[in-house]
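One letter stands for each residue in the lines below.
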Amino acid sequence: MRKTDFHSIRSLLSYGLAALLLFALAACQQEKNPQPTPDEPPQKNGVSEREDADTSMNGTGEPLQISGQLIYLQRIALPPNAVATVQLRDVSLADAPAGVVAEQVIELENRQIPVPFSLRIERGELDPHRTYSVAARIENGKEQLLWITDSHHGVNPGHNGDIDLGDIRLTQAASGSAPQPGESR
């Protein structure tokens, strides 16, 4: 093999390797203004048209009704002066107290379960990027906790129409429990 052929092949491999590295680096770079794919809507002001549509779909003047009924399985009568409290809470932040967005207080006046509830809120007050949950509790007239929710009952703020959560199952509180939301012992 001649020396010039060896140098030609070596030069060709060097240029080829350099081109391959440049191509790899270019592929790793992110575009500052990426072009939308056919499945992804274009963006304006950093917000996709789909997100913008979700936000405008909620409207600011259109009310949202969240309804359901409180139940528990044990066959225990509620005291005559029992009070049920149902809250829509913003539970987006894990290590922070949940903010109350809407609340309904129901004086039961000798009524028993199931306890129907209905929370009304303007859709514009809900952020489609946050997480919301319904929480409920039943106390006796002395603010002693009797029953409480112990699971997540999520509400989708982008949902069209009213939301019926159906049965919200409560769990019996331990005797002597009376902490208020956000209160420590």
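Structure's up top.
Read on for an overview of the structure. (Residues numbered from 1 in each chain as written. Predicted model: local features only at pLDDT ≥ 70, side-chain atom pairs only at ≥ 80, totals over all residues. Heavy atoms only, no water.)

### A word on the overall build of the chain
Turning to step 1, where the next piece is worked out: Assigned secondary structure in the chain consists of two helices and eleven strands.
Turning to step 2, where the next piece is worked out: Looking at the chain as a whole, 26% of its 185 residues are labelled buried.
Turning to step 3, where the next piece is worked out: Within the chain, contacts between residues separated by at least 24 positions form 66% of all contacts whose residues are at least 6 apart in sequence.
Turning to step 4, where the next piece is worked out: As displayed, the chain has an accessible area near 12,700 Å², and 52% of this comes from carbon and sulfur atoms. (Helix = DSSP H or I, 4+ residues; strand = E, 2+ residues; numbered from the N terminus. Buried < 20%, exposed > 50% of the residue type's maximum accessible area, 1.4 Å probe, protein only. Contact = heavy atoms within 4.5 Å. Areas by Shrake-Rupley, 256 points an atom, 1.4 Å probe, with all protein chains shown as cover.)

### Some points on the sheet that holds strand S6 (residues 115–122)
Turning to step 1, where the next piece is worked out: The mixed open sheet is built from three strands, whose spatial order is S6-S3-S10. With one partner strand each, in any of the chains shown, S6 and strand S10 (163–169) form the two edges of the open sheet. For this sheet, the mean inter-axis angle between neighbouring strands, taken without regard to orientation, is 20°.
Turning to step 2, where the next piece is worked out: As paired strands, strand S3 (residues 63–71) and S10 are joined by five bridges and run parallel to one another. Considered in S10, the bridge of Gln69 is made with Asp167. (Pairing = 2+ DSSP bridges. Axes fitted to C-alpha atoms, helices over the stretch in contact; angles between N-to-C directions.)

### Side note on the environment of Asp90
Turning to step 1, where the next piece is worked out: The residue Asp90 is located in strand S4 (residues 83–90) in this model.
Turning to step 2, where the next piece is worked out: The buried category is assigned to Asp90, whose relative accessible area is 17%.
Turning to step 3, where the next piece is worked out: In this structure Asp90 touches Ala98, Gly99, Val101, Arg130, Thr131 and Tyr132, once residues within four positions along its chain are discounted.
Turning to step 4, where the next piece is worked out: A distance of 2.7 Å separates the side chain of Asp90 from the side chain of Ser92, its partner in a polar contact. (Polar contact = N/O pair within 3.5 Å; in protein donor to acceptor, adjacent residues only side chain to side chain.)

### Here we look at the packing of aromatic side chains
Turning to step 1, where the next piece is worked out: A full pass over the atoms with the stated rule returns one aromatic pair.
Turning to step 2, where the next piece is worked out: Ring centres of Tyr72 and Trp147 lie 3.6 Å apart, and the angle between their planes is 5°; this geometry places the pair in the stacked category. With Tyr72 in the loop between S3 and S4 and Trp147 in strand S8 (residues 145–148), the pair connects residues that are 75 residues apart, well separated along the chain. Per residue, the accessibility class of Tyr72 equals that of Trp147, and both read buried. (Phe/Tyr/Trp six-rings, centres within 6.5 Å; stacked < 30°, edge-to-face > 60°.)

### Let's talk about the pattern of salt bridges
Turning to step 1, where the next piece is worked out: Scanning all chains against the criterion turns up three salt bridges.
Turning to step 2, where the next piece is worked out: Of the charged contacts in the structure, one is a salt bridge between Glu62 and Arg123, with a shortest N-O distance of 3.4 Å. Placement of the pair is Glu62 in the loop between helix H2 (49–58) and S3 and Arg123 in the loop between S6 and strand S7 (132–139), with a sequence separation of 61 residues.
Turning to step 3, where the next piece is worked out: Arg123 sits in the buried class, given a relative accessible area of 3%.
Turning to step 4, where the next piece is worked out: The partner of Arg137 in a salt bridge is Glu139, with the nearest N and O atoms 2.9 Å apart. (Salt bridge = Lys/Arg side-chain N within 4 Å of Asp/Glu carboxyl O.)

### Description of the nonpolar core
Generally speaking, nonpolar side chains in soluble globular proteins are found buried as a group.
Turning to step 1, where the next piece is worked out: Membership of the largest hydrophobic core comes to 26 residues, with the highest contact counts inside it found for Ile66, Leu70, Leu88, Leu108, Phe117, Val134 and Ile138.
Turning to step 2, where the next piece is worked out: Those elements that provide at least two residues to this core are S3, S4, strand S5 (99–107), S6, S7 and S10.
Turning to step 3, where the next piece is worked out: Excluding residues that lie within four positions of it along the chain, Ile138 makes contacts with Leu78, Ala82, Val83, Ala84, Leu108, Gln144, Leu145, Leu146, Trp147 and Leu170. (Core = buried A, V, L, I, M, F, W, Y, C linked by side-chain atoms within 4.5 Å.)

### Digging into the side chain of Ser67
Turning to step 1, where the next piece is worked out: Note that Ser67 resides in strand S3.
Turning to step 2, where the next piece is worked out: Look at Ser67 and you get buried, because its relative accessible area is 19%.
Turning to step 3, where the next piece is worked out: Dropping the residues within four chain positions of it, Ser67 is found in contact with Phe117, Ser118, Ile163, Asp164, Leu165 and Gly166.

### Quick notes on the pairing of S7
Turning to step 1, where the next piece is worked out: In terms of burial, S7 is a largely internal element, eight of the eight residues being buried.
Turning to step 2, where the next piece is worked out: Of the two faces of S7, the one carrying Tyr132, Val134, Ala136 and Ile138 and the one carrying Ser133, Ala135, Arg137 and Glu139 are both buried.
Turning to step 3, where the next piece is worked out: The pairing of S4 with S7 spans eight bridges and is antiparallel. By the bridge assignment, Arg89 is partnered in S7 with Ser133.
Turning to step 4, where the next piece is worked out: Direction of pairing for S7 relative to strand S9 (residues 154–155): antiparallel, over a ladder of two bridges. Each bridged residue has a counterpart across the sheet, and for Tyr132 the counterpart in S9 is Val155.
Turning to step 5, where the next piece is worked out: Pairing between S7 and S8: three bridges, direction antiparallel.

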